[in-house]
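Chain residues, written in single-letter form:
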Amino acid sequence: MKIEIVAKKINILGEGPTWDEKNRRLYWVDITGKRFYYLDPDNERVEVFPALGMISSIVTTNKENILAATEDHSLYLIDNKTGMHSLVTTVESERMNTRFNDGKVDPFGRYVAGTMDMQEKNPIGSLYVLSGNDVKKILGNLTISNGMAWDVKNQVFYYIDSPTKKVNKYYFDKNMNIELIGTAIDFKHEIGVPDGMSIDLEGNLWVAHWGGGKISIWNPNKGRKIDQISFPAENITSCTFGGDGLTDLYVTSAANKGSSDLGGTLFRVRTDIQGSKSFSFLVS
Ligand code: BGC
Ligand code: CA
């Protein structure tokens, strides 16, 4: 598969790509670079927006704003036109040693995001669900909360806490209560740790390898690898499907200290596989 370079070495920690179907844009963030971006694939233009602090994920909503998770453990709605912020809620306000990491909207319009130990050592992070203005914790003891994907047909939620080197699977219900079923994918023999992920319409998972320079594609029911795509960057952080027909895979990456690889680049791979869409948060 041909790898396209969309924005070369643009990020320190590129993350959280999400496809805005309505405006035909790809949003993503640079967490430590304290910026977020969108790409208009029609003219390949990239717009950059500075953030006040670290911003770990942004998602579209059903209104004219976006929802952002920020360094101070808060979730804000940001008006698309004015840039005005309004606080929705704050979690873990007593903690100085955690921050939000990956976040995504579930098929019911709720925002799910987890926190991580900034030292990347101890299981002091949690996973939260924001429904309207109400936030609840659904998992604890997480070290680096990362990728998420929902298989709507089988009511399975896939989730990654990176240092475990596993993609776990859970039953989920309409209120996003979850119950562990087991391990879907074991990364024991893989290079790097699993970071962000996406699911395609056949139910296969596309998992980013932090420290492994690739996206691997898995049948999660069999725990078997189907294929992999290698990138000229060691730290591949996440991926999502976008473009007409949701067949373009957008891939984010992070800079790699002391290396001359293309870390920090936004890549694109044109596939013939249809991905699941990025859902929008339902503002209450
Ligand atoms: C985090 C990084 C972490 C990486 C690998 C990313 O999602 O933001 O801080 O090093 O995952 O686990
Ligand atoms: Ca991540």
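Residues numbered from 1 in each chain as written. Chains lettered and ligands numbered in written order. Predicted model: local features only at pLDDT ≥ 70, side-chain atom pairs only at ≥ 80, totals over all residues. Heavy atoms only, no water.

Caption draft 1: Geometry of the coordination of the calcium ion (ligand 2). Bound to the calcium ion (ligand 2) on the protein side are Glu15 (OE), Glu15 (OE), Asn146 (OD1) and Asp195 (OD), at distances that span 2.2 to 2.8 Å. Here the donor residues of the calcium ion (ligand 2) are spaced in sequence according to E-x130-N-x48-D. Here Glu15 is found in strand E2 (residues 14–20), whereas its partner Asn146 is found in strand E14 (residues 145–151), with 131 residues between them in sequence. (Donors = N, O, S within 2.8 Å, 3.2 Å for Na, K, Ca; no water. Helix = DSSP H or I, 4+ residues; strand = E, 2+ residues; numbered from the N terminus.)

Caption draft 2: Fine view of the site of ligand 1. Near ligand 1 lie 13 residues; those nearest to it are Glu15, Arg99, Asn101, Glu120 and Asn146. In the model, an oxygen atom of ligand 1 is placed 2.9 Å from a nitrogen or oxygen of the Asn146 side chain. Grouping the amino acids of the shell around ligand 1 by side-chain chemistry returns 6 nonpolar, 3 polar and 4 charged. (Near = heavy atom within 4 Å. Polar contact = N/O pair within 3.5 Å; in protein donor to acceptor, adjacent residues only side chain to side chain. Nonpolar A, V, L, I, M, F, W, Y, C, P; charged D, E, K, R; others polar.)

Caption draft 3: Looking closely at the pairing of strand E4 (residues 35–40). Note that strand E3 (residues 25–30) and E4 share 5 bridges and pair antiparallel. By the bridge assignment for E4, Val29 is matched with Phe36. Connecting E3 to the next strand, E4, in antiparallel fashion are 4 residues, including Lys34 with a positive phi near 55°. What sits between E4 and strand E5 (residues 45–50) in their antiparallel hairpin is a turn of 4 residues, with Glu44 showing a positive phi close to 60°. (Pairing = 2+ DSSP bridges.)

Caption draft 4: View of the sheet that holds strand E9 (residues 85–90). In space, the 4 strands of this open sheet follow the order E6-E7-E8-E9, with antiparallel pairing throughout. Among the strands making up the open sheet, the edge pair consists of strand E6 (55–60) and E9. Averaged over all pairs of adjacent strands, the angle between their axes in this sheet comes to 25°, without regard to strand direction. Sheet analysis places strand E8 (residues 74–79) next to E9, joined by 5 bridges and oriented antiparallel. (Axes fitted to C-alpha atoms, helices over the stretch in contact; angles between N-to-C directions.)

Caption draft 5: View of the pattern of salt bridges. If you walk through the whole model with that rule in mind, you get 13 salt bridges. Residues joined by salt bridges that share partners form a network here, namely Glu4, Glu44, Asp248, Arg268 and Arg270. (Salt bridge = Lys/Arg side-chain N within 4 Å of Asp/Glu carboxyl O.)

Caption draft 6: Main features of the pairing of strand E20 (residues 214–219). Along E20, 6 of the 6 residues are buried, which leaves the element largely enclosed by surrounding structure. Burial along E20 is two-sided: Lys214, Ser216 and Trp218 facing one way and Ile215, Ile217 and Asn219 facing the other are all buried. With 5 bridges joining them, strand E19 (residues 205–210) and E20 adopt antiparallel strand pairing. Bridging across to E20, His209 finds its partner in Lys214. With antiparallel pairing between neighbouring strands as the criterion, E19 and E20 make up a hairpin whose turn holds 3 residues, including Gly211 at a positive phi of roughly 85°. Of the pairings in the sheet, the one linking E20 to strand E21 (residues 224–230) comprises 6 bridges and is antiparallel in character. Looking at the pairing, Ile215 lines up with Ile229 of E21. Hairpin remark: E20 followed by E21, antiparallel, with 4 residues in the connecting loop; positive phi at Gly223, about 65°. (Buried < 20%, exposed > 50% of the residue type's maximum accessible area, 1.4 Å probe, protein only.)

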